[in-house]
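Understanding the architecture of this molecule
Each chain is listed here by its residues.
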Amino acid sequence: MSEHDNCCCGGHDHGHGHGDGCCGGHGHEHDHGHGHGDGCCGGHGEGHGHGHGHGHGHGDGCCGGHGHDDKHGHGDGCCGGHGHGHGEGGCCGGGGCHGGGDQVGIFVVGPIETNCYVYISEGECLVVDPGNSGQAIFEHLPEGVSVKYIVATHGHGDHVGGVKALREATGAKYAIHAADAELARHAGEPSEQGRSYDDNAPDPDLTLAEGDVIEVGSATFTVMEAPGHTPGGIVLLGGGTAEHMCFVGDTLFQGSCGRTDLAGGDSEQLKATLARIKREVPPETNLMCGHGEITTMEDELRNNPYLV
Ligand SMILES: [Fe+2]
């Protein structure tokens, strides 16, 4: 086990995490995971799997490499490589399991290490939960990529603090569920825990509701309303080339679920949402959580006390 950092967010270590830059390295191991990052947001590596995880992620640039399941991800630029099948590459690297060469990157941003995801398909980009550092996220996106949508899974400051700067830099449309838009407008003010993030979110360009579909290149993301952590929480279920990918925000984490003791939280609602996710999200789905590790529905159905 090793951990190293010399900038914000530091190394995050569950196996081997190593970071020399902002947001450090992020590595964890179920079996053998190795993450190494020399740039902003560091590397993200994980060995995660079904008895044979040998993940290796290596990143020298923002978003670093991302390796998964006995494969190798290697990235020297933004969004790094994403090995999930056969990723190997530089800027927005090689793709993996998402058909059509779609790319997924992670920026770990802000004081409580929020996972901001970048999904790129056919030159179009969706950014999910730019919680902080909107300008830095913009600067580290691959060249030539057009950010079409910025979607917030919910309105907490650590998920929307970077929306304003990213929207100004990209001209992307900002979307959130109407029930959380007001919460997001206060993102830059100190939270109940006394933390604050870059900026208040602007008024949304679009509000999202159950069944809405966001199209990015050849990928689609269908909105599932997921109240509980906040009233306007949503989950984005991938389709098309994003099949088996699901952005769950703070509704569900590896081995855990979102808290309901913050303003607008409702434990009964969260329970109902989790029951619905259990019924409707297929086991082979990758769950892209708002903090911490990426997991799969299959693993959570087996191990998560809130789903069992
Ligand atoms: Fe949250």
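Residues numbered from 1 in each chain as written. Predicted model: local features only at pLDDT ≥ 70, side-chain atom pairs only at ≥ 80, totals over all residues.

1. Quick word on the overall build of the protein
To keep things clear, this is the line we draw: Secondary structure counts use DSSP, requiring at least four H or I residues in a row for a helix and at least two E residues in a row for a strand, with both numbered from the N terminus. Any residue surrounded by 20 or more other C-beta atoms within 10 Å of its C-beta is treated as buried, while 12 or fewer makes it exposed and the intermediate range makes it partly exposed; C-beta atoms here are placed from the backbone. Contacts are defined on C-beta atoms placed from the backbone: any two residues whose C-beta positions lie within 7 Å are in contact.
Counting its secondary structure elements, the protein contains six helices and 22 strands. In the protein, which comprises 308 residues, the share counted as buried stands at 62%. In the protein, once contacts between residues fewer than 6 apart in sequence are set aside, the share between residues at least 24 apart is 39%.

2. Describing the sheet that holds strand S17 (residues 234-240)
Stated precisely, the cut-off is as follows: Each pair of strands is called paired provided DSSP finds at least two bridges between the two strands.
Taken in spatial order, the six strands make up an open sheet running S15-S16-S17-S18-S21-S22, and their pairing is mixed. The outermost strands of the open sheet, each flanked by one partner alone, are strand S15 (213-216) and strand S22 (295-296). Bridge count between strand S18 (residues 245-249) and strand S21 (residues 286-289): four bridges; the pairing is parallel. Bridge pairing in S21 links Met245 to Asn286.

3. Describing the environment of Glu168
On the secondary structure map, Glu168 appears in helix H3 (residues 163-170). The spacing of Glu168 and Phe138 is 30 residues in sequence and 9.9 Å in space, taken between C-alpha atoms.

4. Here we look at helix H5 (residues 267-280)
This is how the line gets drawn: Given a helix with a known number of residues, its expected span is that number minus one, times 1.5 Å. Here, the arc refers to the directions that run from the helix axis to the C-beta atoms.
The end-to-end C-alpha distance of H5 is 20 Å, a good match for the 20 Å that 14 residues give at a rise of 1.5 Å each. Of the positions making up H5, those classed as buried are Leu270, Thr273, Leu274 and Ile277. End-on, the buried residues of H5 take up no more than an arc of 100°, which puts them together on one face. For H5, the exposed residues set more than 90 degrees away from the buried face come down to Glu268, Ala275, Arg279 and Glu280. The secondary structure elements touched by the buried residues of H5 are S17, strand S19 (252-253) and strand S20 (256-257).

5. Brief notes about the sheet that holds strand S14 (residues 206-208)
Selection criterion: Helix axes are fitted to C-alpha atoms over the stretch in contact, other axes to C-alpha atoms as well, and angles between N-to-C directions run from 0 to 180 degrees.
Sheet architecture is open: six strands sit in the order S9-S10-S11-S12-S13-S14, paired in mixed fashion. Pairing within the sheet leaves two strands with one partner each, and these edge strands are strand S9 (103-109) and S14. Strand-to-strand, the axes of this sheet are offset by a mean angle of 25°, without reference to chain direction. Summarising the sheet, strand S10 (residues 114-121) and strand S11 (residues 124-128) pair through five bridges and their orientation is antiparallel. Counterpart to Ser121 in the pairing with S11 is Glu124. Helix-sheet contacts for H3 involve S11, strand S12 (146-151) and strand S13 (173-177), and the interaxial angle to S12 is about 155°.

6. Some details on the nonpolar core
Heads up, the rule is: Structurally, a nonpolar core is described as a collection of buried Ala, Val, Leu, Ile, Met, Phe, Trp, Tyr and Cys residues joined by way of C-beta atoms within 7 Å.
Core analysis: the biggest nonpolar cluster contains 62 residues, and Tyr119, Leu126, Val127, Val235 and Cys246 have the highest contact counts within it. For Leu126, the residues in contact, after removing those within four places along its chain, are Tyr119, Lys148, Tyr149, Val151, Ile214, Val216 and Phe221.

7. A few points about unusual backbone geometry
Although it is not a glycine, Glu122 sits at a positive phi angle of roughly 50°. For Glu122, the location among the structural elements is in the loop between S10 and S11. The backbone phi angle of Ser133 is positive, close to 55°, even though this residue is not glycine. Structurally, Ser133 can be placed in the loop between S11 and helix H1 (134-139).

8. With respect to the pairing of S9
Of all seven residues making up S9, seven are buried, and the element is well covered by its neighbours. Sheet analysis places S9 next to S10, joined by seven bridges and oriented antiparallel. Within S10, the position partnered with Ile106 by the bridge is Tyr117. The turn joining S9 and S10, which pair antiparallel and follow one another in sequence, is formed by four residues; a positive phi near 80° is taken by Gly110.

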